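# Observations on chain architecture
Given next are the chains, with one letter for each unit.
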Amino acid sequence: MSAIESCRTAALGGHVTRCEKCAHSQISYNSCRNRHCPKCQGAAAKEWLAAREADLLPVPYYHVVFTLPAAIADIAYQNKAAIYDLLFKVSAETLTTIAADPKHLGARVGITSVLHTWGSAMTHHPHVHMIVPGGGISLDGKRWVACRKNFFLPVRVLSRLFRRLFLEKLIAAHQAGRLKFFGNHAALASAQAFAAYLAPLRRAEWVVYAKRPFGGPQAVLAYLSRYTHRVAISNSRLIAVGDNGVAFRWKDYRADGRERHKVMTLATGEFIRRFLIHVLPHGFHRIRHYGLLASGTRADNIAQARELLAVPAAQSETADTNCAEAAHPCPCCGGRMVIIERFKRGFSPRHRPAASPIVIRIDTS
């Protein structure tokens, strides 16, 4: 929270820029770059998406969601690193296993997984969003295998395997002493109590959802930008902060039409508590790649897929060394803004922006 509170204030330092044409100047304070900060993720998302654009293939893409049951979400809050890691690995194993089965697709697929832990009201709701090409490289590596039109893989089959694998690996983690329990869940440290707690989950349906394919590769990028670097709540959803608490917009997915969009007001302490629920453990990666898109072999696999699809390799563009300046033109005349001063953390700039001149226009027509 301290990083977010200091974000884009003099506490983190910054720089002063001045326009080369009209001499307009402005102060820009440094950002905290914390991955949970709602102010800092826009630029990070753009950079990540630009890097991923070369990975896109000219095939339909599907959006698959794996969600943990509420009973496991309850203990995941006390075991974030262990259970979120299981969610990533088991969902990826489930998808790649079913896709490799000749009864379904019979191919090696690529997966980009993004972890989300929140619902619209900032409640704890762990799930992963997966973006998957609609097909894969055949098991013998000789051809591209496309999935059926508007159908990727059977969600019921995915759900059953996901449930079995996750419970098996969760019990193994418990036996290895990798899970900790506190408060109302303290009794679950006992193997017998833990087995009884999980028993109802073996019969319940686990939620796996596959959406219809996107319109094209560019639509995939636009959609990814909504998921890769989001935080529990963005500034745009905040309505008011005052003595009565914090008011924000949220969606009630149980309602339809206009009734779905609502306003919720939480006491300040409760609002902060809900926000902090979604702070991830230090060093935990919330975006991961599997199968054909696994980091170590991604470039070779994408090149092979492009060859099998008979499409040219993506052309890499040389970075423009002046992109930082070109991205921030003068708000008055559009000229180039150049840095004239940098100031350190906790210090104020020597140069102060002058008031914008009043422009008088005379109509001589």
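Anyway, here's the lowdown on the structure attached to this text. (Residues numbered from 1 in each chain as written. Predicted model: local features only at pLDDT ≥ 70, side-chain atom pairs only at ≥ 80, totals over all residues. Heavy atoms only, no water.)

## A look at the sheet that holds strand β10 (residues 238–242)
Pairing is antiparallel across the open sheet formed by 3 strands, whose spatial order is β10-β11-β12. Every interior strand has two partners, whereas the edge strands, β10 and β12 (261–266), have only one. Neighbour to neighbour, the strand axes of the sheet diverge by 20 degrees on average, direction disregarded. Relative to strand β11 (residues 245–251), β10 runs antiparallel, the two being bridged by 4 bridges. Residue pairing in the sheet places Val241 in a bridge with Val246 of β11. Where helix α8 (residues 268–277) meets the sheet, its contacts fall on β10, β11 and β12, and the angle it forms with β12 comes to roughly 110 degrees. (Pairing = 2+ DSSP bridges. Helix = DSSP H or I, 4+ residues; strand = E, 2+ residues; numbered from the N terminus. Axes fitted to C-alpha atoms, helices over the stretch in contact; angles between N-to-C directions. Contact = heavy atoms within 4.5 Å.)

## Section: the nonpolar core
With 48 residues, the main nonpolar core has Ile72, Ile83, Leu105, Phe152, Phe162, Phe166 and Leu170 as its most contacted residues. Residue assignment for this core shows that the elements contributing at least two residues are β3 (61–67), α3 (70–76), α4 (80–100), β5 (110–118), β6 (124–133), α5 (155–175) and α6 (191–198). A per-element tally of this core places α4 first, with 10 residues. Every residue in contact with Phe162, bar those within four places of it in the chain, is listed here: Phe66, Thr67, Leu68, Leu87, Val90, Ser91, Thr94, Trp206 and Val208. Counting 20 residues, the second largest nonpolar core, distinct from the first, contains Leu56, Leu57, Tyr223 and Leu224. (Core = buried A, V, L, I, M, F, W, Y, C linked by side-chain atoms within 4.5 Å. Buried < 20%, exposed > 50% of the residue type's maximum accessible area, 1.4 Å probe, protein only.)

## Describing the state of the cysteines
Scanning the model with the defined rule gives 0 disulfides in all. Note on Cys19: no disulfide assigned, nearest cysteine sulfur contributed by Cys333 at a separation of 3.5 Å. (Disulfide = S-S within 2.5 Å.)

## Side note on unusual backbone geometry
With the exception of glycine, most residues fall at negative phi, and the peptide bonds are largely trans. Despite not being glycine, Ala23 has its phi angle at roughly 70 degrees, a positive value. By relative accessible area, which is 48% here, Ala23 ends up partly exposed. In this structure, Ala310 takes a positive phi of about 60 degrees despite not being glycine. Structurally, the position occupied by Ala310 is in the loop between α9 (298–308) and α10 (323–326). On the accessibility criterion, Ala310 (68% relative accessible area) is exposed.

Bear in mind that shape data such as this cannot, by itself, settle questions of function.
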